[in-house]
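# Notes for the structure review
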Amino acid sequence: MSKERQRRRAEREAARERAAAEAARRNARAARRRARIARITRLLPRRSGRPGGILARRRREQNAIVAVVFVLVQVIAWISLSSWTGRLGVLALSVFLVPVFVTLAFDRRS
């Protein structure tokens, strides 16, 4: 009985040592990977965060409104007009009139 217990204990200890060695390999590999990523990211330029003030949020909302109106005008033109010249004319006119719309709707000069 004692020899059987000793054998099972040796098996458990061997399994524990294998698990510890595997964990050490995983930790070493993760540390090497973190070091490699840190070396690379040190060379990259830093990104500044997105402005989060009320003016920045308002500008994003206004830009979204302008984009939605532009796309809506294009969709309506593509559905209602059958000629390519009319569709391209609406596109060109829209591109030139977007700054006018922005200036009149969201007076950004002040």
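The present account deals with the structure reproduced in this document.

### Topic: the overall build of the protein chain
Helix and strand counts for the protein chain stand at three helices and zero strands. Sequence-ordered secondary structure for the protein chain, helices as α and strands as β, is α-α-α. The C-alpha extent of the protein chain, read off along each of the three principal axes, is 95 × 40 × 25 Å. Relative to its full complement of 110 residues, the protein chain shows a buried share of 8%. Accessible area of the protein chain: about 9900 Å², with a carbon and sulfur share of 62%. The positive charge centre, built from 27 side chains, and the negative charge centre, built from 7, are 10 Å apart in the protein chain.

### Focus on the pattern of salt bridges
Tallied over the entire structure, the rule returns four salt bridges. Glu-22 is the salt-bridge partner of Arg-25, the closest N and O atoms lying 2.5 Å from each other. Of the two residues, Arg-25 and Glu-22 are both situated in helix H1 (residues 2-43); the distance of three residues between them amounts to about one turn of the helix. The class for Glu-22 is partly exposed, based on a relative accessible area of 32%. Arg-26 is the partner of Glu-22 in a salt bridge, and the nearest nitrogen-oxygen pair spans 4.0 Å. Linking Glu-22 with Arg-26, this pair stays in helix H1, spanning four residues, or about one helical turn. Residues joined in a network through salt bridges with shared partners are Glu-4, Arg-7 and Glu-11.

### A closer look at the environment of Arg-58
Examined against the element boundaries, Arg-58 turns out to sit in helix H2 (residues 54-80). Among the residues examined, Arg-58 registers a relative accessible area of 42% and is labelled partly exposed. Along the primary structure Arg-58 and Arg-12 are separated by 46 residues, whereas in three dimensions their C-alpha atoms are 65 Å apart.

### A closer look at H2
Its 27 residues give H2 an end-to-end C-alpha distance of 39 Å, which sits within 8% of 39 Å, the value for a rise of 1.5 Å per residue. Considering only its buried residues, H2 is in contact with helix H3 (84-105).

### A closer look at a positive patch on the surface
Taken together, the side chains of Arg-29, Arg-32, Arg-33, Arg-36, Arg-39 and Arg-42 define a basic patch exposed on the protein surface. Here Arg-36 shows up in helix H1.

### Describing a nonpolar patch on the surface
Taken together, the side chains of Trp-78, Trp-84, Leu-88, Leu-91 and Val-95 define a hydrophobic patch exposed on the protein surface, amounting to about 520 Å² of accessible area. Ranked by the residues each element gives to the nonpolar patch, the list is headed by H3, at four residues. Mapped onto the fold, Leu-88 is located in helix H3.

What counts, and where the lines are drawn
Residues numbered from 1 in each chain as written. Predicted model: local features only at pLDDT ≥ 70, side-chain atom pairs only at ≥ 80, totals over all residues. Heavy atoms only, no water. Helix = DSSP H or I, 4+ residues; strand = E, 2+ residues; numbered from the N terminus. Buried < 20%, exposed > 50% of the residue type's maximum accessible area, 1.4 Å probe, protein only. Areas by Shrake-Rupley, 256 points an atom, 1.4 Å probe, with all protein chains shown as cover. Lys, Arg positive; Asp, Glu negative; His and termini not counted. Charge placed at Lys NZ, Arg CZ, Asp CG, Glu CD. Salt bridge = Lys/Arg side-chain N within 4 Å of Asp/Glu carboxyl O. Expected span 1.5 Å × (residues − 1). Contact = heavy atoms within 4.5 Å. Patch = residues over 30% accessible without salt bridge, like charges linked within 9 Å, V, L, I, M, F, W, Y side chains within 5 Å.

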